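A structural walkthrough
Here is how the chains run, residue by residue.
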Amino acid sequence: MASRRQALQWTCGLLPALPWLAQAAPELAELRQQSKAQMRFFGLLIYDIRLWSREAIDAQNWARKELALELEYARSLSGREIAKRSLVEMKRQGEIAPEQAQRWLTEMEAAFPDVQAGDRISGLHEPGEGIRFFVNGRLQRRISDPLFARLFLGIWLAPQSSEPGLRKQLLGSQ
């Protein structure tokens, strides 16, 4: 966990925004936190989510931009359940063929381990290429499928998000 001093330095731009990213993908170390929000269910904090990018991200351009979404979990959750819920949320954006859904579920089950409070899963969007998933700063899996990447990030950023308030906090009021 970052100290208060490090948090202040990151906020002021004096340290790399995502220290894990500077080690894992040095070419992307200049990403900066654009926004943050909290996911709650029946009042219980599930995770904090942060949007990182080089430039401003909004409701119209997010799918075309290099960005990272970082989820810091506040409680223990099964990786398999995270994957299953992610697929349900991805389907809110449009129909996914059953064979494709099964392939994506298998990929996500490999990408998402069981998490404990304080664990972080980050998805680094590579427009036109796919997404890289990091768990506590270490590369876990790369999924080279631009459609998967867009639908996965759309869980939080697409107009069809089941959490419009969280989307608004991440993207602003556009």
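For the structure, check the block above.
This report concerns the structure included in the present document. (Residues numbered from 1 in each chain as written. Predicted model: local features only at pLDDT ≥ 70, side-chain atom pairs only at ≥ 80, totals over all residues. Heavy atoms only, no water.)

**Comments concerning the packing of helix α3 (residues 79–91) against helix α5 (residues 146–157)**
For any two helices packed against each other, the geometry is given by the interaxial angle and the distance between the axes. How we decide: A fitted line through C-alpha atoms serves as each axis, taken over the contacting stretch for helices, and the angle formed by two N-to-C directions is quoted from 0 to 180°. Strands here are runs of E lasting at least two residues and helices are runs of H or I lasting at least four, both read from the DSSP assignment and numbered beginning at the N terminus. The scheme is simple: roughly parallel for angles under 35 degrees, roughly antiparallel for over 145, roughly perpendicular for 65 to 115, oblique for anything else. What makes two residues a contact is simply this: any of their non-hydrogen atoms within 4.5 Å. Side-chain classes follow a simple rule in which Ala, Val, Leu, Ile, Met, Phe, Trp, Tyr, Cys and Pro form the nonpolar group, Asp, Glu, Lys and Arg form the charged group, and the remainder, Gly included, forms the polar group.
Interhelical geometry of α3 versus α5 gives an angle of 95° and a closest axis separation of 8 Å. Between α3 and α5, the angle falls in the class roughly perpendicular. Between α3, through S86, E89 and M90, and α5, the contact on the second element is made entirely by F148, L151, F152 and I155. Grouping the amino acids of the contact of α3 with α5 by side-chain chemistry returns 5 nonpolar, 1 polar and 1 charged.

**Section: the pattern of salt bridges**
Going by this rule: When a carboxyl oxygen of Asp or Glu lies within 4 Å of a side-chain nitrogen of Lys or Arg, that pair is called a salt bridge.
Tallying each qualifying case throughout the model produces 14 salt bridges. One salt bridge in this structure joins E55 and K65, with 3.1 Å as the shortest N-O distance. Of this pair, E55 sits in the loop between β2 (44–53) and β3 (67–73) while K65 sits in the loop between β2 and β3, and the two are 10 residues apart along the sequence. Notably, a salt bridge pairs E89 with R92, separated by 3.9 Å at the nearest N-O pair. Three or more residues joined by partner-sharing salt bridges are found here, namely R50, E70, E72 and R120.

**Quick word on helix α6 (residues 164–171)**
Rules: Per-residue accessibility, obtained with a 1.4 Å probe over protein chains only, is compared with the maximum for each type, and a residue is labelled buried under 20%, exposed over 50%, and partly exposed between these values. Here the arc refers to the set of directions running from the helix axis out to each C-beta atom.
Three or more residues of α6 are buried, namely L166, R167, L170 and L171. The buried residues of α6 occupy an angular sector of 120° when the element is viewed end-on, so they sit on one face. Away from its buried face, by an angle of more than 90 degrees, α6 presents the exposed residues P164 and K168. Contacts from the buried residues of α6 go to β1 (32–41), β2, β3 and α5.

**Quick look at the nonpolar core**
What counts, and what does not: We call a set of buried Ala, Val, Leu, Ile, Met, Phe, Trp, Tyr and Cys residues a nonpolar core when their side-chain atoms join them within 4.5 Å.
The biggest cluster of nonpolar side chains holds 42 residues, and the ones touching the most others in it are F152 and W156. Taken together, the elements giving at least two residues each to this core come down to β1, β2, β3, α3, α4 (98–111), β5 (130–135), α5 and α6. Broken down by element, this core gets its largest block of residues, 8 residues, from α5. If we skip the residues at most four places from it in the chain, F152 touches S86, M90, M108, F112, I131 and F133. One finds L31, W52, L124 and F134 within the second-largest nonpolar core, a separate group that totals 5 residues.

**A word on the sheet that holds β3**
Rules: The criterion for strand pairing is that DSSP finds at least two bridges linking the strands in question.
Taking strand neighbours across the sheet as the criterion, the 6 strands line up as β1-β2-β3-β4-β5-β6 in an open arrangement whose pairing is antiparallel. Each edge of the open sheet is held by one strand with a lone partner, namely β1 and β6 (138–143). Averaged over all neighbouring strand pairs, the angle between strand axes comes to 20°, with direction disregarded. Of the strand pairs in this sheet, β2 and β3 are connected by 7 bridges, and their pairing is antiparallel. In the sheet register, W52 faces β3, and the bridge partner there is A68. Sheet contacts for α6: β1, β2 and β3; angle to β1, the most-contacted strand, approximately 165°.

What is shown is where atoms sit, not what they do.
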